[in-house]
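Here is how the chains run, residue by residue.
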Amino acid sequence: MWLMTTHRASKPLADPNRPVERAVTAALVLAVLAGLGWIAGMLYTVAGWS
């Protein structure tokens, strides 16, 4: 029988105090907003054709 002599608790993946994760989250939020703006612009353009 194999026994584990040590056990390390896994670190949380997203620590809000780390600036890298905050920068990535901010970039993703901005990308989503840009995508929504692009979709709205396309809908406005297509609606203007009719």
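Nothing here was measured: the structure is a model prediction, and the numbers come from that model.

Helices and strands together make up the secondary structure of the protein, namely 1 helix and 0 strands. Total accessible area on the protein stands at roughly 5300 Å², and carbon and sulfur atoms take up 72% of it.

Turning next to the UniProt feature "transmembrane region" (unreviewed entry) in the protein. According to UniProt, the positions carrying the feature "transmembrane region" (unreviewed entry) are residues 23–47. Within the segment residues 23–47, helix and strand shares are 100% and 0% respectively, and the terminal C-alpha atoms sit 36 Å apart.

Along the polypeptide, Thr45 turns up in helix H1 (residues 19–49). One polar contact links the side chain of Thr45 to the main-chain carbonyl oxygen of Gly41, over a distance of 2.8 Å.

Together, Val29, Leu30, Val32, Leu33, Leu36, Trp38, Ile39, Met42 and Leu43 give the surface a local cluster of nonpolar side chains, amounting to about 940 Å² of exposed area. Positionally, Leu30 belongs in helix H1.

Quick notes on the rules
- Residues numbered from 1 in each chain as written.
- Predicted model: local features only at pLDDT ≥ 70, side-chain atom pairs only at ≥ 80, totals over all residues.
- Heavy atoms only, no water.
- Helix = DSSP H or I, 4+ residues; strand = E, 2+ residues; numbered from the N terminus.
- Areas by Shrake-Rupley, 256 points an atom, 1.4 Å probe, with all protein chains shown as cover.
- UniProt positions renumbered as here; feature names shortened; annotations may be inferred.
- Polar contact = N/O pair within 3.5 Å; in protein donor to acceptor, adjacent residues only side chain to side chain.
- Patch = residues over 30% accessible without salt bridge, like charges linked within 9 Å, V, L, I, M, F, W, Y side chains within 5 Å.
- Salt bridge = Lys/Arg side-chain N within 4 Å of Asp/Glu carboxyl O.

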